[in-house]
Amino acid sequence: MSNYHIKQFEEYFQVYRKSVRNPEQFWEEIAEEHFVWRKKWDNVLSWDFKKPEVKWFEGAKLNITENCLDRHLPTRGDKTAILFEPNNPNEDAEHITYKQLYARVCKFANVLKEKGIQKGDRVCIYLPMIPELAISILACARIGAVHSVVFAGFSATALSSRINDCDAKMVITSDGSYRGPKTIDLKGIVDEALNDIPGIQSVLVAKRINSNINMKAGRDYWLDPLLEEAYSDCNAELMDAEDPLFILYTSGSTGKPKGMVHSSAGYMVYTAYTFKNVFQYRDNDVYWCTADIGWITGHSYIVYGPLANGATTVMFEGVPSYPDFGRFWDIVEKHKVTQFYTAPTAIRALAKQGTEHVEKYDLSSLKVLGTVGEPINEEAWHWYDENIGKKKSPIVDTWWQTETGGIMITPIPFSTPTKPTYATLPFIGIQPALMDESGNEINGNQVEGRLCIKFPWPSIARTIWGNHQRYKDTYFSAYDNMYFTGDGALRDEVGYYRITGRVDDVIIVSGHNLGTAPIEDAINEHPAVAESAIVGFPHDVKGNALYGYVTLKDSGEGRNHDNLRKEINQLITDRIGPIAKLDKIQFTVGLPKTRSGKIMRRILRKIACNETDQLGDTSTLLNPEVVDDIIKNVV
Ligand code: WT7
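Keep in mind it's a predicted model, so treat the numbers as computed, not measured.

Caption draft 1: Local environment of the sheet that holds strand E21 (residues 432-435). Reading across the sheet, the four strands line up as E21-E22-E24-E25 and stay open at both edges, with antiparallel pairing between neighbours. Each edge of the open sheet is held by one strand with a lone partner, namely E21 and strand E25 (497-502). Sheet twist, expressed as the average angle between the axes of neighbouring strands with direction ignored, equals 45°. With six bridges joining them, strand E22 (residues 447-453) and strand E24 (residues 483-491) adopt antiparallel strand pairing. Bridge pairing in E24 links Val-447 to Arg-491.

Caption draft 2: Local environment of the site of the ligand. Residues in contact with the ligand amount to 18 residues; listed here are only the nearest, Asp-397, Thr-398, Thr-402, Asp-487 and Arg-502. Between the ligand and Gly-373, the relevant distance is 3.0 Å, taken from a nitrogen atom to a main-chain nitrogen or oxygen of the residue. A distance of 2.8 Å separates a nitrogen atom of the ligand from a polar backbone atom of Thr-398. Its free accessible area being 560 Å², the ligand has 95% of it covered by the protein chains. Listing elements by their share of the shell around the ligand, those giving two or more residues are helix H11 (296-308), strand E20 (395-398) and E25. Looking at side-chain class alone, the shell around the ligand contains seven nonpolar, six polar and five charged residues.

Caption draft 3: Summary view of helix H20 (residues 625-632). Of the residues making up H20, those classed as buried are Val-626, Val-627 and Ile-630. Looking straight down H20, one finds its buried side chains confined to an arc of 105°; they lie on one side. H20 presents Glu-625 and Lys-632 as exposed residues on the side facing more than 90 degrees away from its buried surface. Where the residues of H20 are buried, they touch strand E29 (543-552), strand E30 (584-588) and helix H19 (601-608).

Caption draft 4: Molecular detail of helix H7 (residues 156-166). Looking only at H7, the buried set comprises Ala-156, Ala-158, Leu-159, Ser-160, Arg-162, Ile-163 and Cys-166. Summarising the contacts, the buried residues of H7 are in contact with strand E6 (122-125), strand E7 (146-149), strand E8 (170-174), helix H8 (186-194), strand E14 (244-250) and helix H18 (561-575). Immediately downstream of H7, the backbone of Asp-167 shows phi near 55°, a positive value.

Caption draft 5: Layout of the nonpolar core. One finds Trp-37, Phe-57, Leu-101, Leu-112, Tyr-273 and Tyr-304 to be the most contacted residues of the largest nonpolar core, which totals 126 residues. Apart from the residues within four sequence positions on either side, Leu-112 is in contact with Ile-117, Ala-139, Cys-140, Ile-143, Met-170, Ile-172 and Leu-204. One finds Ala-158, Ile-519, Leu-582 and Ile-585 within the second-largest nonpolar core, a separate group that totals 46 residues.

Caption draft 6: Summary view of the packing of helix H1 (residues 9-21) against helix H2 (residues 23-34). Look at H1 against H2: their axes get within 5 Å of each other, and the N-to-C directions meet at 115°. Within the contact between the two elements, H1 uses Val-15, Lys-18, Ser-19, Val-20 and Arg-21 and H2 uses Pro-23, Phe-26 and Glu-29. Tallied by class, residues from the contact of H1 with H2 come to four nonpolar, one polar and three charged.

Caption draft 7: View of the pattern of salt bridges. With the rule as written, the count across this model stands at 43 salt bridges. The salt bridge involving Lys-79 is made with Asp-283; its shortest N-O contact spans 3.5 Å. Of this pair, Lys-79 sits in the loop between helix H4 (73-76) and strand E4 (80-85) while Asp-283 sits in the loop between helix H10 (265-278) and strand E16 (286-289), and the two are 204 residues apart along the sequence. Lys-79 sits in the buried class, given a relative accessible area of 17%. One salt bridge in this structure joins Asp-220 and Arg-219, with 2.6 Å as the shortest N-O distance. Among the charged side chains, a salt-bridge network with shared partners connects Lys-187, Asp-191, Arg-219 and Asp-220.

Caption draft 8: Examining the packing of aromatic side chains more closely. What the rule picks out here adds up to 48 aromatic pairs. Measuring from centroid to centroid gives 5.9 Å for Phe-154 and Trp-295, while their planes differ by 65°, and the two rings are edge-to-face. Placement of Phe-154 in the loop between E7 and H7 and of Trp-295 in the loop between E16 and H11 is noted, with a sequence separation of 141 residues between them. Pairing Trp-457 with Tyr-483 gives two aromatic rings, centres 5.4 Å apart and planes at 75°, and the pair type is edge-to-face. Placement of Trp-457 in the loop between E22 and strand E23 (463-464) and of Tyr-483 in strand E24 is noted, with a sequence separation of 26 residues between them. Assigned by exposure class, Trp-457 and Tyr-483 land together as buried. Seen from the ring of Tyr-221, Lys-115 lies directly overhead, with NZ or CZ sitting 3.7 Å from the centre. Over the aromatic face of Tyr-422 sits the side chain of Lys-419, whose NZ or CZ is 4.1 Å from the ring centroid.

Caption draft 9: Layout of the packing of H19 against H20. With their axes 10 Å apart at the nearest point, H19 and H20 run at an angle of 25° to one another. By the angle class used here, H19 and H20 are roughly parallel. Handedness of the crossing formed by H19 with H20: right-handed. Every residue of H20 that contacts H19 at Ile-603, Leu-604 and Ile-607 is listed here: Val-627, Ile-630 and Ile-631.

Caption draft 10: The arrangement of the pairing of strand E19 (residues 368-372) in detail. Here E19 lies mainly inside the structure; five of its five residues are buried. Residue alternation in E19 divides its side chains into two sets, Val-368, Gly-370 and Val-372 and Leu-369 and Thr-371, and both sets are buried. One ladder, built from four bridges, connects strand E18 (residues 339-342) with E19; its direction is parallel. Counted as the bridge partner of Tyr-341 is Gly-370 from E19. Pairing analysis gives four bridges linking E19 to E20, with the strands arranged parallel. When the bridges of E20 are listed, Val-372 appears paired with Thr-398. Taking the sense of rotation as the criterion, the β-α-β connection linking E19, helix H15 (residues 378-388) and E20 turns out right-handed.

Definitions and cut-offs
- Residues numbered from 1 in each chain as written.
- Predicted model: local features only at pLDDT ≥ 70, side-chain atom pairs only at ≥ 80, totals over all residues.
- Heavy atoms only, no water.
- Pairing = 2+ DSSP bridges.
- Helix = DSSP H or I, 4+ residues; strand = E, 2+ residues; numbered from the N terminus.
- Axes fitted to C-alpha atoms, helices over the stretch in contact; angles between N-to-C directions.
- Near = heavy atom within 4 Å.
- Polar contact = N/O pair within 3.5 Å; in protein donor to acceptor, adjacent residues only side chain to side chain.
- Areas by Shrake-Rupley, 256 points an atom, 1.4 Å probe, with all protein chains shown as cover.
- Nonpolar A, V, L, I, M, F, W, Y, C, P; charged D, E, K, R; others polar.
- Buried < 20%, exposed > 50% of the residue type's maximum accessible area, 1.4 Å probe, protein only.
- Arc of directions from axis to C-beta.
- Contact = heavy atoms within 4.5 Å.
- Core = buried A, V, L, I, M, F, W, Y, C linked by side-chain atoms within 4.5 Å.
- Salt bridge = Lys/Arg side-chain N within 4 Å of Asp/Glu carboxyl O.
- Phe/Tyr/Trp six-rings, centres within 6.5 Å; stacked < 30°, edge-to-face > 60°.
- Lys NZ or Arg CZ within 6 Å of the ring centre and 35° of its normal.
- Parallel < 35°, antiparallel > 145°, perpendicular 65-115°, else oblique.
- Left-handed = near helix turned anticlockwise from the far one by under 90°.
- Right-handed = clockwise from strand over helix to strand, strands pointing away.

Listed below in structure tokens is the structure:
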């Protein structure tokens with residue numbers, strides 16, 4: 001009925017009011033009218049943020065792939081579901097129809113079963129942006145296996161720790177990947193990761209670059225011959241509403257990455273509903289999100305949200321700079337893309353190239369532009385609006401997180417008046433709150449505080465895999481009865497929200513969430529290093545870049561610091577991945593510490609940001625003299 005598709009600003013307010021006055025009734029209507037269920041729920045919502053526990057649609061039985069595939073077959077079987085655009089622009093794009101996708105997912109699901117994967121087992125997926133990535137995700141969901149996708153830019157160490165953490169039985173990978181002009185030996189990285197994990201029963205290998213790789217007998221299998229023999233129908237496993245659908249790791253400010261667990265029913269309902277409205281998707285549109293499926297943006301808004309709506313979703317294997325900086329716009333023109341969703345860092349990188357690459361292409365198909373991942377600065381917003389949207393395509397600045405599963409604060413295009421750098425208003429059903437440091441809610445407008453959410457929404461992550469206590473400590477302990485986001489935000493005079501950035505030790509670099517602790521751990525592994533501290537500083541393309549302060553065991557006389565810098569960055573690349581490399585490394589005589597021995601990152605941040613006039617009182621430090629020394633030697 002009407003509430004599924006919001007078309008006007010007035011309507012947004014009406015539906016919003018309804019959704020917060022009576023959330024159960026609201027979400028029940030949406031769930032009832034727009035999804036297929038094998039059995040309806042007994043209870044719409046039960047929740048307790050103190051435990052914390054949230055359950056939506058308890059008692060319901062479903063399979064998300066029946067909503068993403070089966071139900072579309074009679075009406076849009078021959079419509080393109082996935083439009084695959086390869087890295088090489090001279091290779092043909094592949095149009096995978098709903099019928100074909102259904103058959104490929106079923107075949108893949110049968111291969112998983114044949115290799116012993118059962119409902120509830122964890123399967124780790126380490127693939128580039130090729131159709132097999134989306135297909136393997138859906139195949140897991142088909143049989144009730146819990147997928148855990150690891151972004152294929154992560155290192156062997158990062159991969160193995162994620163495989164271990166969720167105790168995966170199987171890894172799905174490829175012989176390699178294309179990235180612009182380069183190829184990457186993904187299988188080699190998997191082999192290295194699995195050196196210490198004998199428990200892995202099988203590795204399925206998709207063929208992409210035809211490289212000569214090592215296949216371990218009895219463990220590694222080429223996918224193609226298995227798929228060829230597999231049957232193209234596979235019964236969808238009956239899942240409980242609250243059964244886990246997937247695990248996706250995200251960095252925390254301390255400790256190892258957190259395996260966020262998402263459920264089946266609530267996640268499906270919320271991602272589908274947000275997709276429809278935030279992108280105003282209509283039947284013949286061609287929607288393109290440039291994220292990698294290895295991040296939550298790809299899970300929710302390349303795979304599940306679009307497919308649940310029967311949409312055509314573009315999957316791009318390559319990078320924005322190959323063969324040149326016009327590639328995105330070439331793809332928009334070629335496939336007549338109607339919705340385009342990307343990250344501020346990509347916009348800044350493209351803006352830097354000027355408009356010559358943009359002007360060559362016809363972008364008139366575009367209707368809605370989106371951004372996600374970090375605050376978008378005003379300059380990038382205007383560049384996007386003027387040069388890509390030609391001032392006629394609304395920009396949806398969508399704020400959300402791996403933990404929230406779906407978009408939380410966003411304009412509704414053609415309804416909500418946009419405002420540069422503002423994510424504007426809460427989506428339907430979302431109840432934000434700004435909190436002060438002593439735990440009180442800040443009411444009224446023109447205020448700033450820490451962003452919390454007061455009431456559960458269907459796609460909130462249910463726990464951290466294997467560590468519910470950490471889930472409670474991280475998100476539900478800072479403020480009573482609230483989900484704490486870790487972000488700061490302000491609310492302007494009309495109630496629009498602007499996200500100001502992280503208030504914890506997470507730094508967002510090129511839209512990737514990086515915790516400082518794991519990077520410092522990697523640096524400290526270097527035999528010459530005594531200790532280190534990482535902070536972020538502004539960068540014109542990446543948003544933030546990383547500045548590392550490193551104290552050596554001996555004061556470093558006679559050492560070649562440039563070599564040491566390389567070694568440190570190599571360690572970070574090995575332990576985490578190239579995305580976590582430091583832009584600047586300063587060797588220090590010591591790090592500023594409180595009397596209890598805590599490193600004062602606040603001071604280091606000011607120095608890295610060139611704001612030494614705002615250091616505040618440093619006299620209470622244990623070692624104020626190091627601050628002057630650090631300031632003198634900034635790099
Ligand atoms: C953090 C979550 C979920 C999308 C990909 C990132 C920052 C995200 C915005 C935005 C300002 C944003 C926040 C958030 N963030 N979108 N539109 N404006 N900041 O997911 O890796 O879980 O990171 O990204 O700081 O907490 P993630």
